[in-house]
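Geometric and topological summary
What follows is each chain in one-letter form.
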Amino acid sequence: GEIVTVPAEKGDPRYLTNTPGVAERDPAWSPDGKTIAYFSDASGEYELVLAPQDGKGAKKTHKLKGNGFYYGPVWSRDSKKIAYQDNSFSLYVIDVDSGKATRVAEPQYGFPQGPTYSSWSPDSKWLAYAMNTPAQISRVWLYSVEKDKSFPVTDGLAEAVEPVFDASGKYLYFLGSTDTGMSKHSFMQSSGDSRTPRWSIHLAVLKKDLPSPFLRETD
């Protein structure tokens, strides 16, 4: 797996790697447009590589805290942190400059019930993710980088997945469903009889003094 960037309009594809004997994967472009992050096993174990997008200059490599294989790098909006997962479905945040990695959340109730679909707030201080409860109901959480602590957004009584911050940082969007039921219990025969769950888009207001955008207007 070589890492290649492709121009939107003019020019040629640019190869950032030329290593036939090395597996490189999951490239992610930093928001400031300067760096490509990807995972490489060039050292014998997977590490995080930060490469200049123009192919010039030295690459920076960080040894990772976690288990074996790594997936889904997601840059913070300020291009200073990256969220990623390992093959135990634990979620981590790594500081790009120092290489310090912090485990945000890990699966507690079986495989593969770990956190999924991380999204950074516009100020890069919060990370949103979803993770299953003991009842295998997905719940949305917000992780504070400053406090190194996660806070629940949804109550865990209905399925809530794929949280995403809006551009202003005032709201958090996510998908919700109240009829996932047995469709999540993949080892039970009842899951084969379940209907496709119905989903709707939900919005959470993140500040107490901010009114809901759906309030009815009246004179």
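The structure under discussion appears in the preceding block.
This section reports on the structure supplied with the text. Only a predicted model underlies this, so the values are computations on that prediction, with no experimental measurement involved. (Residues numbered from 1 in each chain as written. Predicted model: local features only at pLDDT ≥ 70, side-chain atom pairs only at ≥ 80, totals over all residues. Heavy atoms only, no water.)

**As for the sheet that holds strand β16 (residues 171-177)**
In plain terms, the rule: Strand pairing follows a simple DSSP-based rule, namely that at least 2 bridges must link the two strands. For the purposes of this entry, the term helix denotes a DSSP run of H or I that reaches at least four residues, the term strand denotes a run of E that reaches at least two, and both are numbered from the N terminus. Lines fitted to the C-alpha atoms define the axes, with helices restricted to the stretch that makes contact. Angles between their N-to-C directions range from 0 to 180 degrees.
Read across the open sheet, the three strands follow the order β15-β16-β17; overall the sheet is antiparallel. Every interior strand has two partners, whereas the edge strands, β15 (159-165) and β17 (200-205), have only one. Pairs of neighbouring strands in the sheet enclose a mean axial angle of 30°, with direction left out of account.

**Some remarks on the packing of aromatic side chains**
We apply this condition: Pairing of aromatic rings covers Phe, Tyr and Trp, the last counted by its six-membered ring, and requires centre-to-centre distances within 6.5 Å; plane angles under 30 degrees mean stacked, over 60 mean edge-to-face, and any other angle means tilted. Burial classes follow relative accessibility: with a 1.4 Å probe on protein chains only, a residue under 20% of its type's maximum area counts as buried, one over 50% as exposed, and anything between as partly exposed.
Taken as a whole, this structure holds six aromatic pairs when the rule is applied. Their ring planes at 35° and their centres at 6.0 Å tell us that F39 and Y70 sit as a pair that is tilted. Separated by 31 residues along the polypeptide, F39 in strand β4 (residues 35-40) and Y70 in strand β7 (residues 70-75) bring together distant segments of the chain. Judged by its relative accessible area of 1%, F39 falls in the buried class. When the ring of Y70 is compared with that of Y84, the centres are 5.7 Å apart and the planes differ by 70°; the resulting orientation is edge-to-face. Separated by 14 residues along the polypeptide, Y70 in strand β7 and Y84 in strand β8 (residues 81-86) bring together distant segments of the chain. With relative accessibility at 4%, the residue Y70 sits in the buried group. Members of the aromatic cluster, each reached through a chain of ring pairs, are F39, Y70, Y84 and Y92.

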